[in-house]
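A look at the structure
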Amino acid sequence: MTDEIEVTTVEGVPTAGDVPTLGGMPMLGYGTWKLEDPAACVDAVETALEMGYRHVDTAQAYGNESEVGDAIANSHVDREEVFLATKVWIDNLAGEDVVETAYDSLEKLGTDHVDLLYVHWPSRSYDAAETLAAFDDLVDEGVTDRIGVSNFEPDQLAEACELTDAPIFAHQFECHPLLPQQHLLDACEEHDVHPVAYSPLARGSVLDVPEVADVAAKHEATPAQVSLAWLRQRGVTAIPKAASEGHIRDNWGSLAVRLDDDDMAKLSSIDRTERQVDPGFAPWN
Ligand code: NAP
């Protein structure tokens, strides 16, 4: 990888500066899928920013880019301090549509660029050469600083890395103790791409896994914090979604959790596999 990952335990209440970063991307971000009520979405994103989160993940498909933009504008945090990521939906991946809808996203987000723009899925209108050429154009035009992909199979990641002029910066996929995805981490390592875990709490399913609960009890932490610490210590950026202030704070507290080798081994040995996000158009289906 391009950066050394130094995972440290934070003393006291973590601040934004306590979050390790990879190539400018904070390794703990804030996910916004299903924050559908506009006022609640603005409130939640603002709460996360005020707490210290500096990486916000949205998508055209979430229907909340305007609210995310409003939250950033309302908060005390400057836009320049926020690592802002969005994703181009599968209906918009023909070349001209990529460009047109990326500009629409900027307008909704109230910004002149995003830090990271992902191909949301390699599906429907995705055509590797045409779609990725348009993403390269958007880098040249300053619309996005970086290109990301999401839900790619290893061969599709390799192909994307071949095709783009700008490097593929990140690959976002489902990852948590019930879906460790070692083969995708290996593919990221091979191509010098940062892995980003979506559904890092398995949408709630990790919370009552006995091994996770045991490690949590040992550290006087919560299962959510353990799942997030496990990802970070594997070099994976996590973007948990939480609507309530309590959950937003709980996840932030994961920065104070440092797992030992026994904990890591125990979590990696969980003999149960569960995928949460599995649409018919996924490349593995
Ligand atoms: P997640 O973050 O694994 O789980 C969210 C669920 O866990 C919510 O029900 C939330 O409840 C609950 N929760 C959050 N923190 C908790 C805590 N500390 N203790 C107990 N429960 C807690 O699932 P996700 O939303 O699917 O994934 C996270 C983000 O990844 C998304 O928001 C989105 O930005 C991204 N994503 C990307 C893709 C893709 O295709 N690229 C797919 C899925 C997700 P409350 O909301 O009630 O607090």
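As the structure is a prediction and not an experimental result, all values here were calculated from the model.

1. What about the site of the ligand?
Residues in close proximity to the ligand total 28 residues, the closest being Asp57, Ser199, Lys241, His247 and Asp250. Between an oxygen atom of the ligand and a main-chain N or O atom of Ala243, the distance comes to 2.9 Å. With respect to the ligand, the side chain of Asn251 contributes an N or O atom lying 2.9 Å from a nitrogen atom. No other element matches helix H9 (residues 245-252), which puts 3 residues into the shell around the ligand. By residue class, the composition of the shell around the ligand is 13 nonpolar, 10 polar and 5 charged.

2. Structural notes on unusual backbone geometry
You will see that Asp192, though not glycine, has its phi angle at about 60 degrees, which is positive. One can find Asp192 in the loop between helix H6 (182-191) and strand S9 (194-198). With phi around 50 degrees, Glu220 is a residue other than glycine that occupies positive phi space. By the element assignment, Glu220 lies in the loop between helix H7 (210-219) and helix H8 (223-233). The class for Glu220 is exposed, based on a relative accessible area of 78%.

3. What about a negative patch on the surface?
A cluster of acidic residues, Glu96, Asp97, Glu100, Asp104, Glu107, Asp127, Glu130, Asp155 and Glu159, forms a negative patch on the protein surface. Of all elements in the fold, only helix H3 (95-109) and helix H5 (154-163) reach the threshold of two or more residues within the negative patch. The element contributing the most residues to the negative patch is H3, with 5 residues. Of note, Glu159 is situated in helix H5. Judged by relative accessible area, Glu159 falls into the partly exposed class, the value being 36%.

4. Considering H5
Within the sequence span of H5, burial applies to Gln156, Leu157 and Ala160. Projected down its long axis, H5 carries its buried residues within an arc of 100 degrees, all on one side. Summarising the geometry of H5, the exposed residues directed more than 90 degrees from the buried face are Asp155 and Glu162. For H5, the secondary structure elements touched by its buried residues are helix H4 (128-140), strand S7 (147-150), strand S8 (168-174) and H6.

5. Examining the packing of aromatic side chains
The tally for this structure, following the rule as stated, stands at 8 aromatic pairs. Put simply, the rings of Trp89, Trp121, Phe281 and Trp284 pair up and form one aromatic cluster. Between Arg275 and the ring centre of Trp284, over which it is positioned, the NZ or CZ distance is 4.0 Å.

6. Quick notes on the environment of Leu259
When you line up the elements, Leu259 lands in the loop between H9 and helix H10 (261-268). Owing to a relative accessible area of 4%, Leu259 belongs among the buried residues under this scheme. With 16 residues separating them along the chain, Leu259 and Arg275 place their C-alpha atoms 24 Å apart.

7. Some remarks on the pairing of S9
Of all 5 residues making up S9, 5 are buried, and the element is well covered by its neighbours. The alternating pattern of S9 places His194, Val196 and Tyr198 and Pro195 and Ala197 on opposite faces, both of which are buried. As for the winding sense of the linkage, the β-α-β connection from S8 through H6 to S9 is right-handed. One ladder, built from 2 bridges, connects S9 with strand S10 (residues 237-238); its direction is parallel. Each bridged residue has a counterpart across the sheet, and for Ala197 the counterpart in S10 is Ala238.

8. Topic: the packing of H4 against H5
At their nearest, the axes of H4 and H5 sit 10 Å apart, and the two run at 50 degrees to each other. Our classification of the angle between H4 and H5 gives oblique. In this structure, H4 crosses over H5, and the sense of that crossing is right-handed. Residues Ala128, Ala129, Leu132 and Asp136 of H4 form the contact with H5, whose own contacting residues are Glu159, Ala160 and Leu163.

Reading the values: the criteria
- Residues numbered from 1 in each chain as written.
- Predicted model: local features only at pLDDT ≥ 70, side-chain atom pairs only at ≥ 80, totals over all residues.
- Heavy atoms only, no water.
- Near = heavy atom within 4 Å.
- Polar contact = N/O pair within 3.5 Å; in protein donor to acceptor, adjacent residues only side chain to side chain.
- Helix = DSSP H or I, 4+ residues; strand = E, 2+ residues; numbered from the N terminus.
- Nonpolar A, V, L, I, M, F, W, Y, C, P; charged D, E, K, R; others polar.
- Buried < 20%, exposed > 50% of the residue type's maximum accessible area, 1.4 Å probe, protein only.
- Patch = residues over 30% accessible without salt bridge, like charges linked within 9 Å, V, L, I, M, F, W, Y side chains within 5 Å.
- Areas by Shrake-Rupley, 256 points an atom, 1.4 Å probe, with all protein chains shown as cover.
- Salt bridge = Lys/Arg side-chain N within 4 Å of Asp/Glu carboxyl O.
- Lys, Arg positive; Asp, Glu negative; His and termini not counted.
- Charge placed at Lys NZ, Arg CZ, Asp CG, Glu CD.
- Arc of directions from axis to C-beta.
- Contact = heavy atoms within 4.5 Å.
- Phe/Tyr/Trp six-rings, centres within 6.5 Å; stacked < 30°, edge-to-face > 60°.
- Lys NZ or Arg CZ within 6 Å of the ring centre and 35° of its normal.
- Right-handed = clockwise from strand over helix to strand, strands pointing away.
- Pairing = 2+ DSSP bridges.
- Axes fitted to C-alpha atoms, helices over the stretch in contact; angles between N-to-C directions.
- Parallel < 35°, antiparallel > 145°, perpendicular 65-115°, else oblique.
- Left-handed = near helix turned anticlockwise from the far one by under 90°.

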